[in-house]
Every structure is written in structure tokens, then in C-alpha cells.
Amino acid sequence: MRSRSNSGVRLDYYQRIVHRLILAHQEPVTGLFPASNVNSHAWIRDNVYCILAVWGLSMAYKKIADQDEDRAKCYELEQSCVKLMRGLLMAMMNQKDKVEKFKTTQSPCDSLHAKYSSKNGLPVVGDNEWGHLQIDAVSLYLLILAQMTASGLQIVFSLDEVSFIQNLVFYIESAYSIPDYGIWERGDKTNHGEPELNASSIGMAKAALEAMNELDLFGARGGPASVIHVLADEAHKCQAVLQSMLPRESNSKELDSGLLCVIGFPAFAADDAQLIHNTKDAILSRLQGKYGCKRFLRDGYRTPKEDPSRLYYERWELRMFENIECEWPLFFCYLILFHAFQNDKRSVQDYADRLEKIMVRSDDGILLIPESYAVPMDLVGFEYEKPGSQLREVVGRCPFLWGQSLFILGRLLQEGFLAVGELDPLNRRLGAQKKPDVVVQVVIIAEDNEIRDKLAEHDLHVQTIAEVAPIEVQPARVLSHLYTYLGRNRKLGLTGRKSRDVGILSTSKLYSLKDRIFAFTPQFVDLSRFYIASDNELMIDILKGEINFLKSAWDLLGRPLVTLVLKRIHLDQDKIPLAMIQTMRKLKSGYINGTRVMLGSLKDFLNTSAITDLSFLGSTEDGYPDRLHPDVQTYLDEHLLRSFSNRNTMNLRGGQLRPRHLRRRMSCKGAIKKTRSINVDSDNLGMEGPSPLTERRLSSIVPPPWLHPNQQSHVSVFATTPEEGPSSPPHLGGELIRENIYPIDPHHSRSAIDRRSEFVRQQEITVPKILIQRHRADNNFADTEVEELIAMLRETENLEEQGDILQYLVDTQGLDFNTAGLGFRHKHDDDNVGMLEEGRVVTVRDLLKGLYEKACQQKLWGLVRHTAGMLGKRVEDLAKAVTDLLVRQKQVTVGMPPNNEHTITAPLPEGELRQLIHDAYGDDESTAMLTQELMVYLAMFIRTEPQLFHEMLRLRVGLIIQVMAKELSRTLNCGGEAASEHLLNLSPFEMKNLLYHILSGKEFAVSSVARGNLSIVSCKSSRVSKKSQIGLGDPEGEDALIATIDDRQGQWLRRRRLDGALNRVPRDFYSRVWTVLEKCQGLAIEGRILQQSLTQEMTPGELKFALEVETALNQIPQPEYRQLVVEALMVLTLVTEHNMVASLGDIICVEHLVHKANQLFLEDQRKVQGDATLCCAKLKDGKEQQQAASGMLLCGGAAYICQHLYDSAPSGSYGTMTYMSRAVALVLDCVPKHGEMECAIS
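Residues numbered from 1 in each chain as written. Predicted model: local features only at pLDDT ≥ 70, side-chain atom pairs only at ≥ 80, totals over all residues. Heavy atoms only, no water.

Q: Can you lay out the overall build of the chain for me, pointing to particular residues and giving the numbers?
A: Looking only at helices and strands, one finds 44 helices and 29 strands in the chain. For the chain, the residues scored as buried account for 58% of the 1242 residues in total. Put simply, of all contacts in the chain between residues at least 6 apart along the chain, 75% involve residues at least 24 apart. (Helix = DSSP H or I, 4+ residues; strand = E, 2+ residues; numbered from the N terminus. Buried < 20%, exposed > 50% of the residue type's maximum accessible area, 1.4 Å probe, protein only. Contact = heavy atoms within 4.5 Å.)

Q: Please set out the sheet that holds strand 14 (residues 510-513) residue by residue, giving values where relevant.
A: On the basis of which strands lie adjacent, the open sheet formed by 4 strands has the order 11-15-14-19 and mixed pairing. Single-partner strands in this sheet number two, and they are strand 11 (471-474) and strand 19 (611-613). Direction aside, the axes of adjacent strands within the sheet are offset by 30° on average. As paired elements, strand 14 and strand 19 share 3 bridges and run parallel to each other. (Pairing = 2+ DSSP bridges. Axes fitted to C-alpha atoms, helices over the stretch in contact; angles between N-to-C directions.)

Q: Run through the nonpolar core, naming residues and quoting values.
A: Membership of the largest hydrophobic core comes to 148 residues, with the highest contact counts inside it found for Tyr141, Leu142, Leu145, Met212, Leu217 and Leu406. Broken down by element, this core gets its largest block of residues, 13 residues, from helix 2 (residues 44-64). If near-sequence neighbours (up to four positions away) are discounted, Leu142 is found in contact with Ile165, Leu168, Val169, Ile172, Ala208 and Met212. (Core = buried A, V, L, I, M, F, W, Y, C linked by side-chain atoms within 4.5 Å.)

Q: For the pattern of salt bridges, give the residues involved together with the corresponding values.
A: Should their charged atoms come close, side chains of opposite charge can pair. Inspection of every chain in the model, using the stated rule, returns 65 salt bridges. Notably, a salt bridge pairs Lys253 with Glu196, separated by 3.4 Å at the nearest N-O pair. Taken together, the residues Lys253 in the loop between helix 8 (232-245) and helix 9 (260-263) and Glu196 in the loop between helix 6 (159-173) and helix 7 (199-212) connect sequence positions 57 residues apart. Neither residue differs from the other here; Lys253 and Glu196 are each classed as buried. Here Arg428 makes a salt bridge to Glu210, at a shortest N to O gap of 3.0 Å. Of this pair, Arg428 sits in the loop between helix 15 (420-423) and strand 9 (439-446) while Glu210 sits in helix 7, placing them 218 residues apart in sequence. The class for Arg428 is buried, based on a relative accessible area of 9%. Take Glu210: its relative accessible area is 27%, and that puts it in the partly exposed class. (Salt bridge = Lys/Arg side-chain N within 4 Å of Asp/Glu carboxyl O.)

Q: A description of the side chain of Gln1123 should follow, citing residues and the corresponding values.
A: You can see Gln1123 is positioned in helix 40 (residues 1119-1137). Residue classification places Gln1123 among the buried residues on the basis of a relative accessible area of 7%. A distance of 3.2 Å separates the side chain of Gln1123 from the backbone oxygen of Arg1064, its partner in a polar contact. Not counting the four nearest positions on each side in its chain, Gln1123 is found in contact with Arg1056, Asp1059, Gly1060 and Arg1064. (Polar contact = N/O pair within 3.5 Å; in protein donor to acceptor, adjacent residues only side chain to side chain.)

Q: Got a sec to walk through the packing of helix 28 (residues 861-870) against helix 31 (residues 925-944)? Specific residues and values, please.
A: If you want to describe how two helices pack, look at the angle between their axes and the distance between the axes. At a minimum axis distance of 8 Å, the contact between helix 28 and helix 31 shows a crossing angle of 95°. Considering the angle they form, helix 28 stands roughly perpendicular to helix 31. Together, Arg865, His866, Ala868, Gly869 and Met870 of helix 28 and Glu925, Ser926, Met929, Leu930 and Glu933 of helix 31 make up the contact between the two elements. Of the residues that constitute the contact of helix 28 with helix 31, the class distribution is 4 nonpolar, 3 polar and 3 charged. (Parallel < 35°, antiparallel > 145°, perpendicular 65-115°, else oblique. Nonpolar A, V, L, I, M, F, W, Y, C, P; charged D, E, K, R; others polar.)

Q: I'd love a proper account of the packing of aromatic side chains, names of residues and values included.
A: According to the stated counting rule, one finds 25 aromatic pairs in the structure shown. With centroids separated by 5.5 Å and ring planes inclined at 45°, the aromatic side chains of Phe332 and Tyr351 adopt a geometry described as tilted. Highlighted residues: Phe332 in helix 11 (residues 330-341) and Tyr351 in helix 12 (residues 345-358), separated in sequence by 19 residues. Assessed through its relative accessible area of 0%, Phe332 is described here as buried. Between Phe1069 and Tyr1070 the ring centres are 5.3 Å apart and the planes differ by 70°, which places this aromatic pair in the edge-to-face class. Neither Phe1069 nor Tyr1070 differs from the other in exposure class; each is buried. Site record: aromatic cluster; members linked through ring pairs are Tyr49, Trp184, Tyr301, Trp328, Phe331, Tyr334, Phe400 and Trp402. (Phe/Tyr/Trp six-rings, centres within 6.5 Å; stacked < 30°, edge-to-face > 60°.)

Q: Which residues make up the environment of Ser151, and what are the values?
A: Among the structural elements, Ser151 can be located in the loop between helix 5 (135-150) and helix 6. Taking the C-alpha atoms as reference points, Ser151 and Leu426, separated by 275 residues in sequence, lie 8.5 Å from one another. Excluding residues that lie within four positions of it along the chain, Ser151 makes contacts with Trp55, Met59, Lys62 and Pro425. Side chain to side chain, Ser151 and Trp55 meet in a polar contact 3.2 Å long.

Q: Any chance you could break down the sheet that holds strand 27 (residues 1080-1085) for me, citing the residues and the numbers?
A: The strand order across the open sheet formed by 3 strands is 28-27-29, and the pairing between neighbours is mixed. The sheet is open, and its two edges are formed by strand 28 (1088-1091) and strand 29 (1145-1149), each paired on a single side. Neighbouring strand axes in the sheet, compared pairwise and without regard to direction, differ in orientation by 20° on average. Summarising the sheet, strand 27 and strand 28 pair through 4 bridges and their orientation is antiparallel. Bridge pairing in strand 28 places Ile1085 opposite Arg1088.

Q: Could you give an account of helix 10 (residues 273-287), naming the residues involved and the relevant values?
A: The first and last C-alpha atoms of helix 10 sit 21 Å apart over 15 residues, in line with the 21 Å expected at 1.5 Å per residue. Here helix 10 has its buried residues at Leu275, Ile276, Thr279, Lys280, Ala282, Ile283 and Leu287. Seen from one end, helix 10 has its buried residues packed into an arc of 155°, which puts them on one side. Where helix 10 is buried, its residues contact helix 8, helix 9, strand 3 (288-289), strand 4 (292-293) and helix 11. Sitting at the head of helix 10, Asp272 places a side-chain oxygen 3.0 Å from the backbone nitrogen of Gln274. (Expected span 1.5 Å × (residues − 1). Arc of directions from axis to C-beta.)

Q: Residues and numbers for the packing of helix 29 (residues 878-886) against helix 30 (residues 910-921), please.
A: Packing of helix 29 against helix 30 brings their axes to within 8 Å, and their N-to-C directions diverge by 85°. By the criterion of interaxial angle, the relationship of helix 29 to helix 30 is roughly perpendicular. Facing helix 29, whose interface residues are Leu878, Ala879 and Val882, helix 30 presents Glu910, Leu913 and Ile917.

Q: Please give an account of the pairing of strand 21 (residues 624-628) that cites residues and values.
A: One ladder, built from 2 bridges, connects strand 20 (residues 618-619) with strand 21; its direction is antiparallel. Across the sheet, residue Ser619 finds its bridge partner in strand 21, namely Tyr624. Between strand 20 and the antiparallel strand that follows it, strand 21, lie 4 residues; Gly623 among them carries a positive phi value of about 85°.

Q: Break down the side chain of Asn198 for me, with residues and values.
A: By the element assignment, Asn198 lies in the loop between helix 6 and helix 7. Separated by 2.8 Å, the side chains of Asn198 and Asp180 make a polar contact. Side-chain polar atoms of Asn198 contact the backbone oxygen of Glu196, separated by 3.0 Å. Contact partners of Asn198, with chain neighbours within four places excluded, come to Asp180, Tyr181, Gly182, Met245, Glu249, Ser250 and Lys253.

In short, shape yes, function no, at least from these values alone.
Next comes the structure, spelled out in C-alpha cells:
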């Protein structure tokens, strides 16, 4: 026998250790590792980590195999890995029904189990008896499976197993929106069994999805059928959410050492070097101790204060675990691997030395990693006093195989037996390195020759759909349908991919199918989807956003390719819209918004684009892998014919000839307007709106106003001024009805109910005292009236009038009322074929659809929104948009505060969401539609510009809508009703623009464009002429001057109003409120008390705590008042941070401070004769007292606070902070009244 080389001897030593500590425990039948000698349960996560040392050692042997025995040892070790990975695969395949169910329900009860019996691989606890939903465990399994397969191991044997693994990919695909129990199996840290979104699970899923993409599970010997496909967009969503969460782990855990496996080995999931650095630093500074790292703050597991008799903790006892949490040496092993991959030898050595001090030596001299170190019971008091000072003792298993395995990997790397690349054959560790700039390829295709020629006039040369053959161009929905065939398997009962969503990353590739090549247009241009798709400017804006997104998110081979088809429907009065031409010219120039682009034809880009093979569409299960699946074949044949043909819209009017006898006109004028509920007039934003009692369906009870037959009203409903009705005394019947239906609060200034009932007072002709109910029994009165209306509907050219008539028909007759045959009194009018062909049913709904489509073409956006709402249309991506906001830790509320606000805290299905929104707005279809639209824009912004949302926890869409209307009324200098009309008539593009200006706080001006459409422009923009800056009119000379001065005057009020409506708070606000709460009994805000006990339960940086404070602040309906309360809280934090006093005393009522500050302000105003002497600081006489009692201040300030205080800057001697500080000193007893005190306000 030849003598062994030194390295061989050393490896043999490691092989003995691995054998004794790890392989000796492997069950011979299943290949799984039991948790310990007394517990036969096998956890997926622990098993995968245990086998990593065996895999590492096998690769080390492979390199130095100088003898046959070494090759044999290498093979034995490899087969142990295969045995374990297959053991886990079999255990999971036994639960294939769960995988199938989970794809649709995503319920914790349908999840794969987290642990199995190591004896036979069967379940060991029931579905509800354990927190089984642990996405990180399944993801870790897939990630290591991919890495091992890439290193040359053959783990998967059959195509059935391949399709099971493909379904596991679908199982983890939505990890970014699935709350789970996480790496510590606890969910919320009180351990009450509530799952939450965990960054460690999302990161692991992202890594697994990227590792699995296009991986051949049969290795070098496989063919197209054994390849796994992942939709790149799903991995990217996980990436985006992970980035928004780090360094936070979840709502209840502000930090977790478990994130080390996400930012380093094995996942390498974070792409941003700075973020990796910040996360690691946060863990080291707050969780690292002498004996390892704590898992998370206030972790009670195995501490001497934990009550072992129950699983959960009481909320108040979490505070007891602070500073005595167990420390886990496992994390030093992670840190050694982290620094080894960064090639930082000094840190590796540093952690290796620390680890050596705390390892336990066994009887035969092997170093063992213990599970954790706890403070002994008798030393707890000393540890509280001086954290980190006491000696700790080992608790839990020793050796702890998860840690031991990582320790051995670390040693193999340190001694040079392994290179980092061998532990990461898929090169995931390079993810955070800088990538070269992406060039986005854009192809524009014309629908037909006519459009091609129109483009050629502008020197833009493109091909038509027919000319790009043999490449076929299809809409995204075809791709999403094809992907549903992926992973289908009849034998296993698996049905393929459930989600219908394909994102821009997936449509930016070319796809080959046998000998055909497909290009797909992006999902956002699919016109059948929603009305915002018919706003060309918005579509262009979204396109720019998507191109920008591709620049940052693309990481596949080849360049991204965006294919767009220009269709008839995009033309504006038979011309190509200017905005489109300009954009195409920009694309032609090679740069658009800082992204490099190339405009060309499909055949030019064939060689440079990414191409994916759709081989999974073959009928492999029937033994014909080369033939297309018969269903796919028929689908494609049908679709290729129809996909780009235009639909014919139903025409509201028949021939253009008018009936010869014009009958008297009735008017339903204003029927739509009466459903509006946006309230701007009152200065107390959010204070009014119908009480819940009268909120539902008012318009269904009260008949609309008929005007006199001789009053031919042609005024457009959308005129900017609110119509003033005739001033004749209201009819008695009207009075009577009003008394019965509306309980009106006399103090309300013209509330929405009041406005809705105004038309009853304006009635001129006697209304029979029948309250018209829906679907009412026939009586002649109604029939003739409906006849008249339908005849009118046929006569009028004005779409808005048609809208009002249809609104009335819907209110009285319902959507399914058949209008066929009505409105034809004069049978000899043969030339007018009207709205029906013989025998066809034409319901009000059909008429509305026709109106909706016409309004879309004519760009009457107010009407479009309203009809869309009445037809119950919903934004296709609504659920996705809400999920995008929620998973980035932003809650959403809909409805107008304070009565009808509904908070959405967890992702909901599409139908429920729509119902919730419509319940929140009652009858107001337009605002309900606008809410859906704004949610989509908010989701777009949070994806592309997350910085706009810093320091905002809840997005209150109802308040945002009110503030948008308020801002328009300020900028246009018009009344509230006109402003809300203008708001609802903004085009989707301008709406998004206005929302952007409000979110970013930028000043904007409104310039009027032709046809009464408004356009929102930033004030710095050169497009605004001096004239239009003030509003729609063009006041000259002095007026203009006054207007600009006024603008400066309301600046702080406006800013407070915006920040209050957006719930924006100063940096670190919530954690600073925590310190205040620690020093007093509680904080009272608008009747809600934040108890001191919250600090016992939650840590300062915890999201759950922030949401508690936020909920209390949201009780305040007026945004500017809310903002002053936030300022008052900030002053209190300064008092605690400078340690001026030991305790702040009892419950502090924060509003008292604000009102006290207001009093002090008014006193000062009287002294210096300031502006407020005109309103609140006047010396009160009887009349004003009476006014104050009725709840109205002269200046219209909200919540009895003077408008001028709202409009003061925070700093300066007359600033709000000064008054707040004085108020704190006066109101709080604990602040010393005498003696010297340093007082400086920064």
C-alpha cells in the first residue's frame, strides 16, 4: 500500500468524524436523520443541512482521488447524499395531494409537512397540530437539489419525479405573499400560531426559483422533458419584497439571525451589496454575544424564565426575556461561511477562534457544536443588570448536527480542501456583483398596411403582422394559457400551473415550439382588460416604466425584447396620436429615460434575444414527446386565427335619422352626479359623509327631478359650475319624503346627504307620493316614463345625457331590464331601426356596455369611470396590486373616513376586494372605480419608486382622493363640487400624474388643454405659461400677483394636510414613541389609549408596534390635525431622549397639548396683532361664542385649532414646535416649574 499524502490523511480524519457524528445516525431504510436518539422525527430543513458536510467531503475526495479506495469513498459519500435527498423526495411525494390543493388554497392546513418519521417517511403529526407551512424548508430542499444536480449527482430518476419537482416550484412560487411559520416554526414570536410573512422564507424561495430555472434534473444525460421551467417574474417579485423587508424579518421580529442564510451561504438571495452589509451589521450589533447569536430579540425559547408547560407566551411576559435570550453557536458557523465566500480570511479566523472557545470536547477528543447556551437560573438577576457578563451553560442537543455540518464545511474551506465555487456550482454567490448595462430591444409591428403607411409618413419604418412571418406574434394571455400545461401529470393527479399571470420578464423572451417561433406582446397592452388601457398616454407611461424595470431586473442570457403591436384602436380620429410618434422617435434615438434601447425588426433580434423552448407542450405521457399535446394543438389553431381581430362594439344609435316628431323632453340631468360622495367643500376634510344608516343606495329610493316640459336642458352635466336649481319653494311631497328618509345633523355644513337630497327640493312638477322602488310592479306612470326615456336615449347625441338616462333606468328598473321594443310609439318610422334587431333582448346592461365603449373612444373619462362602475368592471390586476402594496408592509384602507373606512391587512381574492370597495362607497360607482384605479397606480409606484413610500405604513385611498380634489380646487380656484367633477374627468394618465405629485409633495400647476381636459404639470416645467399657472382663467396684473402671494401663504397648511392624508411621519417616529410610552402610563389619542403594556410585548422597531400607534392616529379624521398631534408626540420624544425627567407620569392626553399650544398661539397673536386676530384671536362677543359652540371657527380651522397655527412653520419663535414645547412644560406635572433648565429645540 502506498503511503498517503498529508492531505489524504487529513481527509481520512474528517471522514471518520463525518461518519461518527453524522452518517452513523442515518436511517438505513429511508436515508433520513432523526432529530436525536430519543426523537425519531426528521425535519426537512435539518436533514438538508446535515447532509451538506457529506456532500462537501465527497467533492474534496473527488479532487485528490489518488487511489481506488479514495474513489470508492467519494462514491459512498455521494450515494449517502442521494439516499437522503430521495428519502425526502419520497416523503413529500406521498403528500402530492397537498401540493395540488395548496396551489389554489395556500392554506396552512394544505401545506406539506415540515417533519416526517425517519423510520418510514410517513407523517408524524396532524395537519393542524404543528406549524407545517414553512416555505423556507421546501425552498432549501429545491435549492440544494439544484446545486447537487449541477455538481454531477443524479438524484431524480423518472419523469414523474420531474413533474412533481415542477409542482414544488409552483408551491413556493408565491412565497412573497404567503405568511408562513418560518425557519423557527413559530410564526409570530408570541408563538400563538399566527403565521406571518418572513424575509428568510421569501429569500430562500427566491434562491430556489433562480437555481431551478432551466435546470435539467437528469444532468448532462437529460433531454427537453427533464428541464424545470420557472417564470422569471415570480422570482423577481420575491426579490423585490425581500429588498423592501431587509433587515426586518417579519412584523413581530424586527431582526433575525436566520437572515444570515439568506444574505450568504446557501441562498445568496440579496443582490444589493449595501443591503447585505447593513443586514449583517444589524445582526452583529444587536444579536451577537460571546456564545453565538440570539435568534431574535425577546426569544424566550429555553430561557430560565420560560414556562415549559405551555407552548405559547403571554403578551406581557415577552419583556422578561430581554437580555437573557439563548445564544446559538450555529450562527458563528454561518458567519465563517459568509466570510469565506467573501474571501475575508481575517474575519474567518476571528470567528473560528471564537467558536473554538465555546465548543464542547467529547470523550474521544472530537469538538462538538452544542445547540445553544442559556443563562443559569441563579445568575439571571446579574445578567439583567449587565447583559453579557455571566457564564452560560449548554442547553439542548450536543452535537447539534445542523451546526456541526456547517462547521465541518467551514473547516474544509479553511484548510483548502474545497474551493467556494465547488459548494456553489450554480454561481449564486456572484449575484451581488455589478452587471453590465442592459440594452432593451423594442419591436413595433403594425396591424395592417394602412397603419404601416401612416407610420412611414413620420419616417418610422415597421413591418406588419403578416410580414414578420414565420415568427408569430401573440398576446400575453396565450403564453399564460400555454404555461398551464407545465407540470401536468395524470398519474400523480397534478394539474399544472394555476396562476394566470405572466409578467414583463416572461414576455420579453422569444419562445420556440417545434419549428415555430413565438413573440408575445406584454400583458399591459391587452385591451380587453380595463379602461385605463384605452388611454394612450398612460400606456406609453407604463411602457417607459417597464423598459426601466427591465434595465434593472433582467438577468437572463441574451437581451430583453419588447414587442408592441400598433392597432386601429390606438388611432385618434384616424391619426396616430402625437404622444406615440414622439415616443417612437425617442426609442429610435437609442435612449429613453436613461435606458439604452434599440428599435428594430424581429428578424434582426433573433440572435441576440433570449429564447426558451416550450418542449413541455409535447404529449410525453402518451408516449409521443415529439407531437404537440392535442389540447394545445386545438387551442393554438383557434387562437392564431382570432387573437388580433377586432371586436365590433354595439352601437347605441341606429340610423342617423331623427324621428320626425320630436316629443317633449324629460330630463334626467344630473343623475350620475348625485351618486358622487367626494367631499371637498367643508374645511374639515373627512368629517362628513353619510352616516352608515343612510349610506346604501339612496338613489334607488328617491325619484330624480323632472324639469318642466318646456325647459329643454342641453347643459352638459359635466359643466364646471354646480348647477343652481330654480328657487321656487319645494313641493310639500318632497319635504315629506326628505323628512322621512334623511336623519340630518343640523350642524353639518352641506353634507353629502344634503346634496343628494337637494334635487328633491328643486322639483317643480308634482311627484306622485309613491316612492319608486327597484323592480316595481308595473303601473302606467312608470311605463310611459320609461318609454319616453328610451325614445330620448335614441334621440340624444350627447353621451353624458345618455349616461344620466341610463343611470336613472338602472336605479329604477335594474341592469337586466329589457328595453327591446320600447320607445317606438310611431310604428310608421320604418327608417329608424333603433336599438334592437327583431326578437333580440336588449337589456340596460347592453346599452351601458355600448355607452362605455363609446365613452372610451371619445375619452370622456368621468363617464367611463361611472359606467365601468355600474357594469361592475374591475381592474384585472386589482388583487395583484393590493398584494404588491401589502407585501411591502403597507396596509391599505378604502372608503371615506371616519365612518366607512375599511382596512385591508391581508391579500384578498379579486371578488371580495371589489365587494369591499363597493360597500365602502355605497352608491358612488365613480369613486369606487377611481379607488381601484389609484390602487393600481400606487402599486406601480411602489414597484418603481419605493422611496416615495418611506415612513408611510397605511395608504388611505379615501383620504388621498379627498386631498386630490382639494388640491385641484385650490389650484383651479373653484368650488368643491366642480373640483370633484374635474378630478373624475382627469384622464388616467393625468390621474396617475396628480397622484405622483401628491405623493412626492411637489408643487404642481394645472394647464387646460383642448376639449376641457386638464393636464397636470410640475411647476418647474417649462410647459406652463405664466398665465395658466394660476388656474383656468388668465387673471392679469394685480389679480395674478395676489394669487401668487396667496399660494405661498397656505404652504404649511397644505403640507400638513398632505402628510396627514398620506400618514407620513418623521424618521424613526414609531420607535421614539415607544420610548415615550415606556416613561408614562399611556398615551391617549382621540379616545384611543396606547397602554404602557405595549412596550412589554413589542420591541421598539417592531412593525406590530408601529401599526398600533398608526391605528390610534387614524382615529383622527382631519389630516392637518393629525399632523399636529404627530408634532406634539415628537416634542414628547425630545423630552424623554434628553432625559429631562425620570417619568412622565400618568396617561398623557396628546390632544390637550395641541389645544394648549393653540391657546398660547392665540395669546401671542393678540399681543402682536397677528393675522389670527381677524378670526380666532378676536375678543369674543356673544355672536362668536354661539358660532364656536356650533363647531365652526371663523377661519374654518379643523378641530377648533386656528387655521393660522396650521399654517405656521415648525421652527422659529412663532413656530408650532415652540408652542408645543411650552404646552408640554405647562401641561405635564413632571417638568420642573422653577430653576434653570437647558432648553434648545433642534
